[in-house]
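# Coordinate analysis (summary)
The lines below spell out each chain.
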Amino acid sequence: MAKSHKPVVWFPFAAGGTVVAFFIPVIALLTLLAAVGHVPAGLQYDQLLAVAHHPLGKLAIFSVLALSLWGSAHRLRCTCFDFGLRIDGLVAAVLYVAAIACSLLAGYALLGL
Amino acid sequence: MKERTVQLEVLRYNPDTDSEPHFQRYEVVCQDEWVVLDALNEVKETLDPTLNYRWSCHMAVCGSCGMMINGEPKLACHTFLRDYPGVIRVEPLAHFPIERDLVTTPDDFMEKLKRVKPYLIPKKPKPLEAGEYRQTPAQLTKFRQYSMCINCMLCYAACPEYGLSPHFIGPAAITLAHRYNQDSRDGGRDERQEVIATQEGVWECTFVGACSEVCPGHVDPASALQQVKILSCFDWIGEHLLPGGKK
């Protein structure tokens with residue numbers, strides 16, 4: 001059997017898993033704090049908007065979003081497979097297309113800022 | 001010594017007379033410090049000499065007495081009766097064909113084990129006069145944990161991927177391939193990668209982690225498979241994206 005090309009999807013998945021583990025809990029906590037009116041100093045809306053306006057800021061935000069989406073899509077694909085859903089091709093296509101579409105949307109929104 | 005009457009519900013199957021497996025219940029007087037294997041031996045010696053199961057060392061070294069105990073893959077010699085208050089259900093290892101009673105056919109695992117070449121393939125021939133191969137403690141540490149596998153196949157019985165896709169090479173065989181790939185004396189990685197860096201190899205694994213939970217030798221096959229995935233990714237980048245790659 002030939003070597004697999006799975007690294008194409010697995011490597012960004014591994015990167016996405018790492019990003020999700022490190023960044024998403026922090027982002028969720030900060031969002032929750034902001035929702036109840038406690039925005040930590042230095043993370044005010046204007047300051048974060050300035051970060052999003054900077055090209056490096058755009059790249060960082062896009063990387064976090066795109067990798068997290070890809071990581072989640074691949075994890076969900078594996079979960080479907082583990083639960084015995086034997087239509088892996090279709091599941092993979094739907095989830096990966098969703099991840100790519102949402103990433104493009106995020107990229108478009110960032111470029112439009 | 002405290003004694004207790006234990007109820008064992010054992011899966012029985014005789015291919016000569018039974019059309020399908022069935023459970024048989026035994027009541028057996030056991031001592032408190034006995035393991036499930038002692039109870040099975042007591043059944044065989046005093047109640048039913050027709051009961052079949054494999055065992056050898058009685059000390060979690062040989063890996064022969066793997067079976068499902070209350071639905072979990074365990075070594076019968078390493079599973080204490082005192083941890084099971086009610087009826088104890090004993091079945092053959094999941095995901096393997098039953099040969100008779102608790103005895104399963106390990107042929108699939110043995111064939112996969114052979115395919116991954118779990119032995120040292122020297123980088124170049126070295127005559128005896130050239131002396132021994134030397135390793136630093138750091139070089140030994142890289143693979144020592146993965147060399148503790150006793151081939152008990154509990155990880156195969158626990159792995160849902162192997163249950164769903166029987167062509168999956170599986171946790172123990174890939175871990176042993178990784179064990180030799182990580183050995184500084186070995187030069188056979190390219191040959192093994194052709195077998196394990198495939199869809200039916202490491203890429204069938206979705207990192208459920210059940211293999212590491214049930215492993216009686218604390219080998220942690222899940223970590224070995226994750227390392228194989230990462231290293232296979234670097235191989236793929238080298239082979240497909242860097243100039244001068246092999247493919």
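Residues numbered from 1 in each chain as written. Chains lettered and ligands numbered in written order. Predicted model: local features only at pLDDT ≥ 70, side-chain atom pairs only at ≥ 80, totals over all residues.

## Overview of the overall build of chain A
Which entries qualify depends on this criterion: Counting from the N terminus, the helices are the DSSP runs of H or I reaching at least four residues and the strands are the DSSP runs of E reaching at least two. In this description the radius of gyration comes from C-alpha coordinates, and the expected globular size is given by 2.2 Å times residues to the power 0.38.
Across its full length, chain A carries four helices and zero strands. The linear arrangement of helices and strands in chain A, starting from the amino end, is α-α-α-α. A globule of 113 residues ought to have a C-alpha radius of gyration of about 13 Å, yet chain A, at 17 Å, is considerably larger. Considered along the principal axes of its C-alpha atoms, chain A spans approximately 55 × 30 × 20 Å.

## Here we look at the interface of chain B and chain A
The cut-off we apply is this: Remark: residues whose backbone-derived C-beta atoms lie within 7 Å of one another are considered to be in contact. Each residue is assigned to one class: nonpolar for Ala, Val, Leu, Ile, Met, Phe, Trp, Tyr, Cys and Pro, charged for Asp, Glu, Lys and Arg, and polar for all the others, Gly among them.
At the interface, 15 residues of chain B touch twelve residues of chain A. If you list the elements that add at least two residues to the side of chain B that touches chain A, you get α5 (160–164), α7 (189–196) and α9 (221–240) of chain B. Per-element accounting of the side of chain B that touches chain A gives the leading share, four residues, to α9 of chain B. A breakdown of the residues in the side of chain B that touches chain A according to their chemical character gives seven nonpolar, five polar and three charged.

## Regarding the sheet that holds strand β2 (residues 22–31) of chain B
Residue and element names in this part refer to chain B. Let me state the cut-off plainly: Pairing between strands requires that DSSP locate at least two bridges from one strand to the other. Axes, fitted as lines to C-alpha atoms, cover a helix only where it is in contact. Angles between the N-to-C directions of the axes lie from 0 to 180 degrees.
Strand order in the open sheet formed by five strands is β2-β1-β5-β3-β4, with mixed pairing between adjacent strands. A strand with exactly one partner marks an edge of an open sheet, and here the two such strands are β2 and β4 (72–75). With strand direction ignored, the average angle separating the axes of adjacent strands in the sheet is 35°. Pairing of strand β1 (residues 3–12) with strand β5 (residues 88–91) involves three bridges; the strand directions are parallel. When the bridges of β5 are listed, leucine 8 appears paired with isoleucine 88.

## Quick notes on the confidence of the model for chain B
Using the following cut-off: The predictor attaches a confidence to each residue, and that confidence, scored 0 to 100, is pLDDT.
Chain-level pLDDT for chain B is 96 on average; 99% of the residues reach the 70-or-more range. Two numbers describe this predicted complex: its pTM, 0.89, and its ipTM, 0.79.

## Thoughts on the pairing of β1 of chain B
Of the strand pairs in this sheet, β1 of chain B and β2 of chain B are connected by ten bridges, and their pairing is antiparallel. Opposite leucine 8 of chain B, over in β2 of chain B, you have tyrosine 26 of chain B as the bridge partner.

## Quick look at the domain arrangement of chain B
All names here are of chain B. Here is the rule: Boundaries of every domain are those given by an automatic assignment or by a domain database.
Annotation of chain B at the domain level lists domain 1 (3–104) and domain 2 (107–240). Taken together, the contact pairs 13 residues of domain 1 with twelve residues of domain 2. For the side of domain 1 that touches domain 2, the per-class residue count stands at eight nonpolar, four polar and one charged.

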